[in-house]
Amino acid sequence: MPLPLLYSFRRCPYAMRARLALVASGAWVELREVVLRDKPAAMLAASPKGTVPVLVLPDGAVIDESLAIMRWALAARDPDGWLAGDDPALIAANDGAFKHHLDRYKYGDPGDPARLEHRAAATDFLAGLDARLRHQSNLVCAQPGLADMALLPFVRQFAETDRTYFDSLPLPALQAWLARHLASALFARIMVRVPPWQWGDPPLGFPLA
Ligand SMILES: N[C@@H](CCC(=O)N[C@@H](CS)C(=O)NCC(=O)O)C(=O)O
């Protein structure tokens, strides 16, 4: 039986959340690392919208939204109970308003005052996460769950945009949550470096042994 194919990009936060759930579920896939400026024709044939991650199942079905890949993986196997830590409204706020402000903060012109307004709006969202984390160690319950893993790559991206600023924020519970998850064995497994996939390459099983 062929493995599901995952088209992915190591540093893409959407692909990261998909890989987190795939590994947590115990799924075994063939990993195809993509160069975003030169997407493989096979990926575009499966999903013409051209975003990663894309999961192509052995029966030809295509799942090309990161959250849908997470839910597909966890519906099959959820050994750590991640589905108990779901929060669709929080994930939608992350993917909507927070991502909007994050992009304009991260990629905005440093001389444009609007960039700091976007940073402030994104920081407000992070303060809401910190408030949750002050009375429980993860976003929905004590154990890490789907919402934690769906947001983690985006909070990381915010933190890495200006580490000094992030570390200076009065958000100790969020800072501890981020540090803990980034130091985990799971996170190290999903951030493995692999060369870009080319037609004819032997299959690369993921997670790597
Ligand atoms: N809603 C999609 C968004 C995925 C997305 O936008 N991925 C980015 C990379 S982080 C992408 O592939 N962009 C296309 C490009 O840069 O050409 C999902 O959740 O999977």
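Colleague: Can you help me understand the site of the ligand in this one?
Modeller: Near the ligand, the surroundings consist of Cys12, Pro13, Tyr14, Leu36, Lys39, Gly50, Thr51, Val52, Pro53, Glu65 and Ser66. A distance of 2.5 Å separates an oxygen atom of the ligand from a polar side-chain atom of Lys39. Here an oxygen atom of the ligand and a side-chain polar atom of Ser66 are 2.6 Å apart. Burial of the ligand by the protein chains amounts to 70% of its free accessible area of 520 Å². For the shell around the ligand, the class distribution of residues is 6 nonpolar, 3 polar and 2 charged.

Colleague: Explanation requested: the domain arrangement of the protein in the structure shown.
Modeller: Where interface size is given, it is often the accessible area lost as the parts come together that is meant. The assigned domain composition of the protein is domain 1 (5-80 + 188-206) and domain 2 (82-185). A separation of 23 Å is found between the C-alpha centroids of domain 1 and domain 2. Contact residues are listed per partner, giving 17 residues for domain 1 and 18 residues for domain 2. Contact with domain 2 buries area across many residues of domain 1, yet Pro13, Arg17 and Arg71 alone supply 31% of it, more than any other trio. Between domain 1 and domain 2 we count 2 salt bridges in total. For Arg71, the salt bridge is made with Asp86, and the minimal N-O distance between the two is 2.6 Å. Of all the secondary structure elements, the ones that give two or more residues to the side of domain 1 that touches domain 2 are α1 (13-25), α3 (66-76) and α9 (185-190). Looking at which element gives the most residues to the side of domain 1 that touches domain 2, the answer is α1, with 7 residues. Residues belonging to the side of domain 1 that touches domain 2 are distributed by class as follows: 12 nonpolar, no polar and 5 charged.

Colleague: Looking at this model, I keep getting lost on the pattern of salt bridges. Mind explaining?
Modeller: A side chain of one charge can pair with a side chain of the opposite charge if their charged atoms are brought near each other. According to the stated counting rule, one finds 9 salt bridges in the structure shown. A salt bridge links Glu65 to Lys49; its shortest N-O distance comes to 2.8 Å. In this pair, Glu65 is assigned in the loop between β4 (62-63) and α3 and Lys49 in the loop between α2 (41-46) and β3 (54-56), connecting sequence segments 16 residues apart. Of the residues examined, Glu65 reaches a relative accessible area of 46% and is grouped as partly exposed. The closest approach of N and O atoms between Lys99 and Asp103, which form a salt bridge, is 2.7 Å. With a gap of 4 residues between them, Lys99 and Asp103 both fall in helix α4 (residues 88-107), about one helical turn apart. Classification of Asp103 as partly exposed rests on a relative accessible area of 22%.

Colleague: I'm lost on the packing of aromatic side chains in this one. Help?
Modeller: Both the distance between ring centres and the angle between the ring planes are used here to describe each pair of aromatic rings. Evaluation of the coordinates by the stated rule reveals 8 aromatic pairs. Here the aromatic rings of Tyr7 and Trp197 are separated by 6.2 Å at their centres, their planes lie at 85°, and the arrangement is edge-to-face. Residue Tyr7 is located in strand β1 (residues 5-8), and its partner Trp197 is located in the loop between α9 and β5 (205-206); the two are separated by 190 residues in the primary sequence. Given the relative accessible area of 1%, Tyr7 is considered buried. Note on Trp197: relative accessible area 13%, which makes it buried. Through pairs of rings, three or more aromatic residues link up here, namely Phe98, Tyr105, Phe125, Phe158, Tyr165 and Phe166.

Colleague: Please clarify how the packing of helix α6 (residues 146-161) against helix α8 (residues 172-182) should be interpreted in this entry.
Modeller: Pairs of packed helices are described in terms of their axes, by the angle between the two and the distance that separates them. Running from N to C, α6 and α8 cross one another at 105°; their axes reach a closest spacing of 10 Å. When the axis of α6 is compared with that of α8, the two are roughly perpendicular. Contact residues: α6 offers Asp148, Met149, Leu152, Val155, Arg156 and Ala159, while α8 offers Leu174, Trp177, Leu178, His181 and Leu182. The residue makeup of the contact of α6 with α8, split by class, is 8 nonpolar, 1 polar and 2 charged.

Colleague: How should the nonpolar core be read in this particular structure?
Modeller: Soluble globular proteins: nonpolar side chains tend toward being buried together. Core analysis: the largest hydrophobic core is formed by 53 residues, its most contacted members being Leu126, Leu129, Phe158 and Leu174. Looking at this core element by element, the count peaks at 10 residues for α6. Viewed by domain, this core spans two of them, domain 1 (5-80 + 188-206) and domain 2 (82-185), each represented by three or more residues. Apart from residues lying up to four places away in sequence, Phe158 is in contact with Phe98, Leu102, Tyr105, Arg119, Ala122, Thr123, Leu126, Tyr165, Phe166 and Leu169.

Reading the values: rules and limits
Residues numbered from 1 in each chain as written. Predicted model: local features only at pLDDT ≥ 70, side-chain atom pairs only at ≥ 80, totals over all residues. Heavy atoms only, no water. Near = heavy atom within 4 Å. Polar contact = N/O pair within 3.5 Å; in protein donor to acceptor, adjacent residues only side chain to side chain. Areas by Shrake-Rupley, 256 points an atom, 1.4 Å probe, with all protein chains shown as cover. Nonpolar A, V, L, I, M, F, W, Y, C, P; charged D, E, K, R; others polar. Domains from an automatic or database assignment. Contact = heavy atoms within 4.5 Å. Buried area = accessible area lost by both parts, 1.4 Å probe. Salt bridge = Lys/Arg side-chain N within 4 Å of Asp/Glu carboxyl O. Helix = DSSP H or I, 4+ residues; strand = E, 2+ residues; numbered from the N terminus. Buried < 20%, exposed > 50% of the residue type's maximum accessible area, 1.4 Å probe, protein only. Phe/Tyr/Trp six-rings, centres within 6.5 Å; stacked < 30°, edge-to-face > 60°. Axes fitted to C-alpha atoms, helices over the stretch in contact; angles between N-to-C directions. Parallel < 35°, antiparallel > 145°, perpendicular 65-115°, else oblique. Core = buried A, V, L, I, M, F, W, Y, C linked by side-chain atoms within 4.5 Å.

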